[in-house]
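Remarks on the overall topology
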Amino acid sequence: MRFGKKEKLSAGLYRIIQRIGQVAYKLELPTEMSLVHPIFHVSMLKKVVGDPSVIVPVETIEVNEELTYEEIPVAILDRWWEAYERHRLVGAAPLTWHEFSVLFLEKFVPQTHREELHRQFEQLCQDGMSVTQYEMRFSELAGHAVWLVPT
């Protein structure tokens, strides 16, 4: 859930209960959002065209004494790839999948975590796993050791 000074309410589908004046609406919010004031200016709302029977789960918002809450990122909004592409030399050869994977892991997975996954990959044995379980674990860890397993 995210809305603030310049964001629109986009946490799900909410039924309009009442129109307040010319530019505001009272919404029916789920109980998890009981601390959020239910009246919104039209500029804070986004029209949703879709199936109104779809229920989008809302995470609990814990509001502290200062009436603020901690935002937890749910998506990577970093434009690192666009910035990388802008700074590449004109006419440079396109990256291979392997090169892209290495850049991505370096950017978004901490070094200590990459080292731990690398160690787990090198020590992977089937032990009591079925072939399917082993293959799934191998594939999962191989994605973090792209320099060992070319794809």
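Bear in mind the structure is a predicted one, so any value in this text is a computation, not a measurement.

Overview of the overall build of the chain
- When its secondary structure is counted, the chain shows four helices and three strands.
- Taken from N to C terminus, the helices and strands of the chain fall in the order β-β-β-α-α-α-α.
- Residues counted as buried form 19% of the 151 residues belonging to the chain.
- A sequence separation of at least 24 residues applies to 44% of the contacts in the chain between residues at least 6 apart.

What to know about the environment of His37
- Mapped onto the secondary structure, His37 falls in the loop between β2 (24–28) and β3 (39–41).
- Accessibility expressed as a relative area gives 55% for His37, which makes it exposed.
- Once the C-alpha coordinates of His37 and Leu27 are considered, the two residues, 10 residues apart in sequence, prove to be 9.2 Å apart.

With respect to the packing of aromatic side chains
- As enumerated under the stated definition, the model contains five aromatic pairs in all.
- When the ring of Phe121 is compared with that of Phe138, the centres are 5.2 Å apart and the planes differ by 50°; the resulting orientation is tilted. Taken together, the residues span a long stretch of sequence, with Phe121 in helix α3 (residues 111–122) and Phe138 in helix α4 (residues 131–142) at a distance of 17 residues.
- A relative accessible area of 30% places Phe138 in the partly exposed class.
- Here the aromatic residues Trp97, Phe100, Phe104 and Phe108 are joined through ring pairs into a cluster of three or more.

Considering the environment of Tyr14
- Secondary-structure assignment places Tyr14 in the segment before β1 (15–20).
- By relative accessible area, Tyr14 is classed as buried at 17%.
- Distance from Tyr14 to Leu27, taken between C-alpha atoms, is 6.1 Å for residues 13 residues apart in sequence.

Structural notes on the packing of helix α1 (residues 80–87) against helix α2 (residues 97–108)
- Across the interface, α1 lies against α2 with an axial gap of 12 Å and an inter-helix angle of 125°. With respect to each other, α1 and α2 are oriented oblique. When the axes of α1 and α2 are compared, the crossing they make is right-handed. Along the contact surface, α1 presents Trp80, Trp81 and Tyr84, while α2 presents Phe100, Leu103, Phe104, Lys107 and Phe108.

About the cut-offs
- Residues numbered from 1 in each chain as written.
- Predicted model: local features only at pLDDT ≥ 70, side-chain atom pairs only at ≥ 80, totals over all residues.
- Heavy atoms only, no water.
- Helix = DSSP H or I, 4+ residues; strand = E, 2+ residues; numbered from the N terminus.
- Buried < 20%, exposed > 50% of the residue type's maximum accessible area, 1.4 Å probe, protein only.
- Contact = heavy atoms within 4.5 Å.
- Phe/Tyr/Trp six-rings, centres within 6.5 Å; stacked < 30°, edge-to-face > 60°.
- Axes fitted to C-alpha atoms, helices over the stretch in contact; angles between N-to-C directions.
- Parallel < 35°, antiparallel > 145°, perpendicular 65-115°, else oblique.
- Left-handed = near helix turned anticlockwise from the far one by under 90°.

All we've got here are geometric facts, nothing functional implied.
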